[in-house]
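Observations on the three-dimensional arrangement
Now for the letters of each chain:
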Amino acid sequence: MKKRIKAVKKGDQNAYADIVDLYKDKIYRLCYRMLGNRHEAEDAAQEAFIRAYVNIHTYNPNMRFSSWLYRIAANLAIDKIRKKKPDAYLDEEISGTDGLTMYSQLSSSEASPEETLESLELQETVQKAIEQLPEKYRSVIVLKYIEGLSLQEISEILDLPLGTVKTRLHRGREALRKHLGHL
Amino acid sequence: MKCPHNIVNLMHDFLDGDIGPHDEKILREHLQQCSACADHFNGLEKTVAFIQHASHLTPPSDFTARVMAQLPKERKMIRVRR
């Protein structure tokens, strides 16, 4: 990775394409879970990679490169959430055909239609619950449970003290429990 | 049943993998005796399992190509640097 970053700093765009390929799944997933919408997630993830490229000279090698990328993407997603009108946003993806197409891409070929439907409903419920979280809890929950990062890494990515990360994680879990704990 | 005042915090410490043996014992013993707290804890564990098993989408296949097409031009970057 160090070699690739060096090459990118010298202006080698092919080296950057390798980096995008390596991290695109993670960054896209983060954006999708934060924003709850495929189209916006794509835009945000692309923008994150473009920003990272343009600002590659500010990257501090003491930080993991993935953490740096996560930080850029999380901040972008948070900005987008803040700019959205909360009411316009909530039912955007839920009933449209767009959502159906998206979820049908997820279903595994072995599942029966009934099972698929059940898991689609569950998927929607989980995503809706995540989207209802205030953005400061949402980023911590997504980094922890969707990306599987340690509390220490999350603290680095979001530039927050460990104690704050813990508090937000606890509150986020409690808020989600109200939607999901009884299922 | 009188619940220890910090019992919910202990649940979260447990979920964070950050609980000492003494506190864990307090938590386990209390959950065995108190169905309200046991429900609360089950709800949290279930919630975590649901979130963790949320399906993972992948970006479209032309994602990298589209990022690359939007980058500032190579030559310009190098010129700025020199």
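Because the structure is a prediction, the values reported are computed rather than measured.

Attention now goes to the interface of chain B and chain A. Residue-level contacts link 36 residues of chain B with 45 residues of chain A. Both faces combined, the contact of chain B with chain A buries some 4000 Å², and carbon together with sulfur accounts for 63% of it. A per-residue breakdown of the area chain B buries against chain A is headed by I51, L57 and F63 of chain B, which together make up 18% of the total. The interface formed by chain B and chain A includes three salt bridges. A salt bridge links K166 of chain A to D18 of chain B; its shortest N-O distance comes to 2.0 Å. There are 14 residue pairs in polar contact (both at pLDDT 80 or more) connecting chain B and chain A.

This paragraph deals with the UniProt feature "domain: RNA polymerase sigma factor 70 region 4 type" (unreviewed entry) in chain A. Residues given the UniProt feature "domain: RNA polymerase sigma factor 70 region 4 type" (unreviewed entry) here are residues 125-176 of chain A. Secondary structure content for residues 125-176 of chain A is 81% helix and 0% strand, while the C-alpha to C-alpha distance between its ends is 11 Å.

Residue and element names in this part refer to chain A. Here chain A is described as being made up of domain 1 (1-84) and domain 2 (113-181). For domain 1 and domain 2, the distance between their C-alpha centroids amounts to 20 Å. Taken together, the contact pairs 17 residues of domain 1 with 17 residues of domain 2. Across the interface of domain 1 and domain 2, roughly 1600 Å² is buried in total on both sides, 54% from carbon and sulfur atoms. It is R33, M34 and Y70 that lose the most area in domain 1 upon contact with domain 2, and together they represent 38% of the buried surface on that side. The interface formed by domain 1 and domain 2 contains three salt bridges. A salt bridge links E153 to R64; the nearest nitrogen and oxygen atoms lie 3.1 Å apart. For the interface between domain 1 and domain 2, the tally reads 10 residue pairs in polar contact (both at pLDDT 80 or more).

Let us now look at unusual backbone geometry. Residue and element names in this part refer to chain A. In this model, D159 sits at a positive phi of 55 degrees, which is unusual for a non-glycine residue. Tracing the backbone through its elements, the reader meets D159 in the loop between helix 9 (151-158) and helix 10 (162-180). Of the residues examined, D159 reaches a relative accessible area of 60% and is grouped as exposed.

Before going further, it helps to examine the packing of aromatic side chains. All chains considered together, the criterion is met by seven aromatic pairs over all chains. Within the aromatic cluster, the residues linked to one another by ring pairs are Y23, Y59, F65 and W68 of chain A.

With that settled, the discussion passes to the packing of helix 10 of chain A against helix 3 (residues 35-52) of chain B. The interhelical angle for the contact between helix 10 of chain A and helix 3 of chain B, taken along N-to-C directions, is 90 degrees, at an axis separation of 9 Å. It follows that helix 10 of chain A is roughly perpendicular to helix 3 of chain B by the angle criterion. On helix 3 of chain B, the residues touching R173, E174, L176, R177 and L180 of chain A of helix 10 of chain A are H40, G43, L44, T47, V48, F50 and I51 of chain B. Residue classes in the contact of helix 10 of chain A with helix 3 of chain B are distributed as six nonpolar, three polar and three charged.

Here we take up the packing of helix 8 (residues 135-146) of chain A against helix 9 of chain A. Packed helices, taken two at a time, are described by the angle between their axes plus the distance between the axes. Residues and elements named next belong to chain A. Two numbers describe how helix 8 lies on helix 9: the axes approach to 10 Å, and their chain directions differ by 135 degrees. Considering the angle they form, helix 8 stands oblique to helix 9. The way helix 8 lies across helix 9 gives a crossing that is right-handed. From helix 8, S139, V140, L143 and K144 reach across to helix 9, where they touch L151, I154, I157 and L158.

The subject of this paragraph is the environment of L69 of chain A. Residue and element names in this part refer to chain A. By secondary structure assignment, the location of L69 is in helix 4 (residues 65-83). Taking the C-alpha atoms as reference, L69 lies 18 Å from E40; in sequence the two are 29 residues apart. Here L69 is in contact with Y23, I27, F49 and A52, once residues within four sequence places are set aside.

Low pLDDT marks regions whose predicted coordinates should not be analysed in detail. Summary statistics for chain A give a mean pLDDT of 84 and a share of 81% for residues scoring 70 or more. Contacts of residues 87-109 of chain A to residues separated by more than four positions or lying in other chains number 28 contacts, the stretch itself having pLDDT below 50.

Positionally, K3 of chain A belongs in helix 1 (residues 2-9). Expressed as a C-alpha distance, the spacing of K3 of chain A and A15 of chain A, which sit 12 residues apart in the sequence, is 8.9 Å.

Conventions adopted
Residues numbered from 1 in each chain as written. Chains lettered and ligands numbered in written order. Predicted model: local features only at pLDDT ≥ 70, side-chain atom pairs only at ≥ 80, totals over all residues. Heavy atoms only, no water. Contact = heavy atoms within 4.5 Å. Buried area = accessible area lost by both parts, 1.4 Å probe. Salt bridge = Lys/Arg side-chain N within 4 Å of Asp/Glu carboxyl O. Polar contact = N/O pair within 3.5 Å; in protein donor to acceptor, adjacent residues only side chain to side chain. UniProt positions renumbered as here; feature names shortened; annotations may be inferred. Helix = DSSP H or I, 4+ residues; strand = E, 2+ residues; numbered from the N terminus. Domains from an automatic or database assignment. Buried < 20%, exposed > 50% of the residue type's maximum accessible area, 1.4 Å probe, protein only. Phe/Tyr/Trp six-rings, centres within 6.5 Å; stacked < 30°, edge-to-face > 60°. Axes fitted to C-alpha atoms, helices over the stretch in contact; angles between N-to-C directions. Parallel < 35°, antiparallel > 145°, perpendicular 65-115°, else oblique. Nonpolar A, V, L, I, M, F, W, Y, C, P; charged D, E, K, R; others polar. Left-handed = near helix turned anticlockwise from the far one by under 90°. pLDDT = per-residue confidence, 0-100.

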